[in-house]
Amino acid sequence: MKSALTLETIAKCSTTKARVTKLILPHGLVDTPVFMPVGTQGSLKGFTPKSLEDMNCQIMLNNTYHLGLKPGQTILDQVGGSHEFQNWHGNLLTDSGGFQMVSLLKLAEITEEGVQFQSPHDGSLMMLTPEHSMSLQNSIGSDIMMQLDDVISSLTTGPRVEEAMWRSIRWLDRCIKAHAKPETQNLFAIIQGGLNPDLRKKCIEEMVKRDTPGYAVGGLSGGEEKEEFWKIVTLCTDLLPKSKPVYCMGVGYAEDLVVCVALGVDMFDCVYPTRTARFGNALTMNGIISLKSGKYGNDFGPIEQGCGCNTCRDYTRSYINLVSRDAVGGRLVSVHNVYFQLRLMREMREAIKRDEFPSYVKQFFKGYFKHESNYPVWAVSALESVGVQLI
């Protein structure tokens, strides 16, 4: 199918599967590996689009389901899409809306036609079809739009997993047919198949035939064992075309990002950095710190020495501890956490370019977990599979 992106590989790690690319989208350059903050309803909680631009954030997410409800498709069409509506000059990726249908709403039921759900406004039954998802995302004007897939829990077993995989393939065909703007918006397929390697292989085989501009690894980060998680990720990156970007959906823990970059993933998203910030938890290269703890009441240093974010520049741990239970504290820690994620990705890109990525990985784990006894067993195994010996 038509593509509105170009992907140029800039550097490859000589040990792992990590790579650095320049992904050119309709609204500009994205350097990968990239973490994409999640701006659910046209905004990242506590941020203006300008504040994200000031962090050199090149792409963020919007949520199709929430924008479809409010402001609604009519207003999005009138204003010319979500970029104009929120005054965002960077790139946007939108999910299909299917995950919210299943995870948030009552009486959601999957049929071959689409996802039937109960309206949160008046309780009436509504239907999200692949065609409607494409129409909404075309109105939003996202640079990358996701197919509607048949979403199941990663813990699901039995025939339902294969059913969801084949339905996702059929729905991809309907999405391709309904996609009205392939010259300016890129449709990504979502690889399904649960934790079954044979189903994943079959799904990749079928979806690669459709030749979409990029591919996402879906159906993970849902409570499965991490040992199973990383094996599915590395299987997918082995089999997917190297000429297309690979996106691992819903991944945001720092150690997960580092491991998945080593396994060959280019793109990530997660609400975790801002969600955990609202509980006073700050992400640092030396691990997570809880700023609600009383021990920070007399600590007049920044959240993290050497961090370049506005919070660390202007405020102390003591002040953040004081305001950690209200909106101001949540915003200040959110600013730091999003900056941390972007900084982590930037440091990994620089290490890959220098061909020093394995050393960077070892340095990160030593700082983040302090001692080898704290290293997650799954991460040690995953990195060993691509030639990095943590222990």
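This text follows the structure it describes.
Overview of the structure. (Residues numbered from 1 in each chain as written. Predicted model: local features only at pLDDT ≥ 70, side-chain atom pairs only at ≥ 80, totals over all residues. Heavy atoms only, no water.)

## A word on a nonpolar patch on the surface
Move 1: Taken together, the side chains of Y315, Y319, L322 and V328 define a hydrophobic patch exposed on the protein surface, amounting to about 380 Å² of accessible area.
Move 2: The residue Y315 is located in the loop between helix 11 (310-314) and helix 12 (317-323) in this model.
Move 3: Residue classification places Y315 among the partly exposed positions, given a relative accessible area of 34%. (Patch = residues over 30% accessible without salt bridge, like charges linked within 9 Å, V, L, I, M, F, W, Y side chains within 5 Å. Areas by Shrake-Rupley, 256 points an atom, 1.4 Å probe, with all protein chains shown as cover. Salt bridge = Lys/Arg side-chain N within 4 Å of Asp/Glu carboxyl O. Helix = DSSP H or I, 4+ residues; strand = E, 2+ residues; numbered from the N terminus. Buried < 20%, exposed > 50% of the residue type's maximum accessible area, 1.4 Å probe, protein only.)

## Some thoughts on helix 2 (residues 64-79)
Move 1: Over its 16 residues, helix 2 extends only 16 Å from the first C-alpha to the last, a length that falls short of the 22 Å expected when each residue adds 1.5 Å.
Move 2: P71 marks where helix 2 bends most, by close to 75°.
Move 3: Residues T64, Y65, L67, G72 and L76 constitute the buried set of helix 2.
Move 4: A distance of 3.1 Å separates the backbone nitrogen of Y65 from a side-chain oxygen at the start of helix 2, and that oxygen is part of N63. (Expected span 1.5 Å × (residues − 1). Bend = angle between axes of the 7 residues up to and from the residue. Polar contact = N/O pair within 3.5 Å; in protein donor to acceptor, adjacent residues only side chain to side chain.)

## With respect to the environment of E131
Move 1: Examined against the element boundaries, E131 turns out to sit in helix 5 (residues 130-140).
Move 2: Separated by 18 residues in the primary sequence, E131 and E113 have C-alpha atoms spaced 9.7 Å apart.
Move 3: Look past the residues within four positions of E131 in its chain and what remains in contact with it is R174 and A178. (Contact = heavy atoms within 4.5 Å.)

## A closer look at the pairing of strand 8 (residues 115-118)
Successive residues of a regular strand alternate their side chains across the two faces of the sheet.
Move 1: Going residue by residue along strand 8, you find V115 and F117 tucked away on one face and Q116 and Q118 left uncovered on the opposite face.
Move 2: Here strand 7 (residues 109-110) runs beside strand 8; their pairing, made up of two bridges, is antiparallel. Each residue of the ladder has a partner; that of I110, found in strand 8, is V115.
Move 3: Across four bridges, the pairing between strand 8 and strand 9 (residues 125-128) is antiparallel. Bridging across to strand 9, F117 finds its partner in M126. (Pairing = 2+ DSSP bridges.)

## Comments concerning the nonpolar core
Move 1: Counting 75 residues, the largest nonpolar core has F229, F268, L344, M348, F357, F364 and F365 as the members making the most contacts within it.
Move 2: Setting aside residues no more than four positions away along its own chain, F229 makes contact with L220, S221, E224, C248, V251, C260 and W378. (Core = buried A, V, L, I, M, F, W, Y, C linked by side-chain atoms within 4.5 Å.)

## What about helix 14 (residues 357-369)?
Move 1: If you check helix 14, its first and last C-alpha atoms are 18 Å apart, about what 13 residues at 1.5 Å a residue would give, namely 18 Å.
Move 2: What helix 14 keeps buried is the set F357, P358, Y360, V361, F364, F365, G367, Y368 and F369.
Move 3: Packing partners of the buried residues in helix 14 comprise helix 9 (254-262), strand 15 (281-284), strand 16 (287-290), helix 13 (327-353) and helix 15 (377-384).
Move 4: Among the residues trailing helix 14, K370 stands out with phi positive, at a value near 70°.

## Overview of the pattern of salt bridges
Move 1: Summed over the entire model, instances satisfying the criterion amount to 25 salt bridges.
Move 2: For E206, the salt bridge identified is with K202, shortest N-O distance 3.9 Å. Of the two residues, E206 and K202 are both situated in helix 7 (residues 197-210); the distance of four residues between them amounts to about one turn of the helix.
Move 3: Classification of E206 as buried rests on a relative accessible area of 12%.
Move 4: Residue class for K202 comes out partly exposed when judged on its relative accessible area of 29%.

## Some details on the sheet that holds strand 12 (residues 214-217)
Move 1: Pairing is parallel across the open sheet formed by eight strands, whose spatial order is 4-14-13-12-11-10-6-5. In this open sheet, the two edge strands, each paired with only one partner strand, are strand 4 (34-36) and strand 5 (59-62). Recorded for the sheet is a direction-independent mean angle of 25° between the axes of neighbouring strands.
Move 2: Of the pairings in the sheet, the one linking strand 6 (residues 91-94) to strand 10 (residues 144-146) comprises two bridges and is parallel in character. Among the inter-strand pairings, T94 is bridged to a residue of strand 10, identified as M145.
Move 3: Those strands touched by helix 5 are strand 6, strand 10 and strand 11 (186-191), and its axis lies near 160° from that of strand 10.
Move 4: Each of strand 11 and strand 12 touches helix 7; the most contacted strand, strand 11, lies at about 160° to it. (Axes fitted to C-alpha atoms, helices over the stretch in contact; angles between N-to-C directions.)

## Notes on the sheet that holds strand 2 (residues 19-25)
Backbone hydrogen bonds are what pair the strands of a sheet, in a parallel or an antiparallel way.
Move 1: Pairing within the open sheet is antiparallel, and its three strands lie in the order 1-2-3. The open sheet is flanked by strand 1 (6-12) and strand 3 (28-32), the only strands paired with a single partner. With direction set aside, neighbouring strand axes in the sheet form an average angle of 20°.
Move 2: As paired strands, strand 1 and strand 2 are joined by six bridges and run antiparallel to one another.

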